[in-house]
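# Observations on the three-dimensional arrangement
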Amino acid sequence: MVFSNAIFNSLFMTTLLAIATLSSDTTALEIPLTLRTTSKWLLESTSSFLNSWSPLPQLREYALPQPDPSDIESDMYDIHAYWMRRAIDLAHETSPCPFAPFATIIVNHSDTSLSPHGNMICTGMNQIADTGNPILHGEISALTNCSHIFSTTNSTSSLPFSYLTLYTTAESCPMCASAIRWAGLQAYVYGTTISTLTRLNWTQISIPSAEVFERSSSLGTTTLYGGSVLAEETDGLFEWQFGGDGLECPEGCVSDGEEGGTCVVEGGR
């Protein structure tokens, strides 16, 4: 039920008068039955209204459908899969069991001079542990690296972001998804979803990148939302970090033997 301010104020003032009447020294027999009945109804109705009324709007739930790989042209899906596997390789570049394997690759698909799959422009890894900078997620690192390349005056790779596609091993957090949209990248493809990361006990802000993309329509640019590709391969990157006693380490790594411990490189390599 919707109440206007005038109706609400009238109802409220009438209720106050009714309360004053019922709480005065006047005996119940001196109060007309109609007034007592009306006062009781007003008290009950107002209480019910105030308990149910909320000034906050209902937040819309976003459940955008994920692109079905079968809807992507087979040759383009193969290209996405190729670069996602390169991102997985990047995550393993320094260790077979990297703790934060959030790896990003940015590719120019219009340049096939070196590969039919396109030309890799820059990469980025999660660098929070290395730098102490809490915003250096893989996507931010990659965008920063690309920006540095573009700002080099003698660079032959100086292309606007609108020509480039970003691949990342895990769905971008709201910060990184926003950065992708502000950059105006041509396309965005990820592996493991935020919901899977949450299930695996990774701390996440539970706003899907699809929602960020939908809310960024006023930016004047369009970024193709490629959705999740090869999650069955990227999920394994994130499954062991919070495994506890049931820890299963990736190949080439073993448990450190500590209670609630982690995985370390086998043989200390």
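Refer to the structure presented above.
Read on for a plain summary of the structure. Worth saying up front: this structure is predicted, and the values here are computed from it rather than measured. (Residues numbered from 1 in each chain as written. Predicted model: local features only at pLDDT ≥ 70, side-chain atom pairs only at ≥ 80, totals over all residues. Heavy atoms only, no water.)

### Considering the nonpolar core
Ile-106, Cys-146, Phe-161, Leu-164, Leu-185 and Tyr-188 are the most contacted members of the largest nonpolar core, which has 24 residues in total. Looking at this core, the elements that each hand over two or more residues are β2 (119–125), α5 (138–151), β3 (164–170), α6 (174–183), β4 (187–192) and α8 (209–215). Counting residues per element, this core draws most heavily on α5, at 5 residues. When neighbours within four sequence positions are excluded, Leu-185 is seen to be in contact with Ile-106, Leu-143, Phe-161, Ser-162, Leu-164, Leu-166, Ile-180, Thr-222 and Thr-223. Judged by nonpolar contacts, the second largest core, of 22 residues, contains Met-84, Leu-197, Trp-202 and Leu-237. (Core = buried A, V, L, I, M, F, W, Y, C linked by side-chain atoms within 4.5 Å. Buried < 20%, exposed > 50% of the residue type's maximum accessible area, 1.4 Å probe, protein only. Helix = DSSP H or I, 4+ residues; strand = E, 2+ residues; numbered from the N terminus. Contact = heavy atoms within 4.5 Å.)

### A closer look at α5
Counted at 1.5 Å a residue, the expected span for α5 with its 14 residues is 20 Å, and the 20 Å between its end C-alpha atoms agrees. All of the buried residues in α5 are Gly-138, Glu-139, Ile-140, Ser-141, Ala-142, Leu-143, Cys-146 and Phe-150. (Expected span 1.5 Å × (residues − 1).)

### Points about the environment of Cys-249
Inspection of the secondary structure puts Cys-249 in the loop between α9 (231–234) and β6 (253–255). Classification of Cys-249 as partly exposed rests on a relative accessible area of 24%. Dropping the residues within four chain positions of it, Cys-249 is found in contact with Val-254, Ser-255 and Cys-263.

### Points about unusual backbone geometry
Positive phi, close to 75°, is recorded for Asn-201, a residue that is not glycine. Note on placement: Asn-201 falls in the loop between α7 (194–199) and α8. You can call Asn-201 exposed: its relative accessible area is 51%.

### Some thoughts on the sheet that holds strand β5 (residues 224–228)
Strands sit in the order β2-β1-β3-β4-β5 across an open sheet of 5 strands; the sheet is mixed. Each having just a single partner strand, β2 and β5 make up the two edges of the open sheet. Across this sheet, the average inter-strand angle for adjacent strands is 15°, counted without regard to direction. Where β4 meets β5, 4 bridges bridge the pair, whose relative direction is parallel. Bridged to Ala-187 within β5 is Leu-224. In this fold α5 packs onto β1 (103–108), β2 and β3, with an angle of close to 130° to the strand it touches most, β2. (Pairing = 2+ DSSP bridges. Axes fitted to C-alpha atoms, helices over the stretch in contact; angles between N-to-C directions.)

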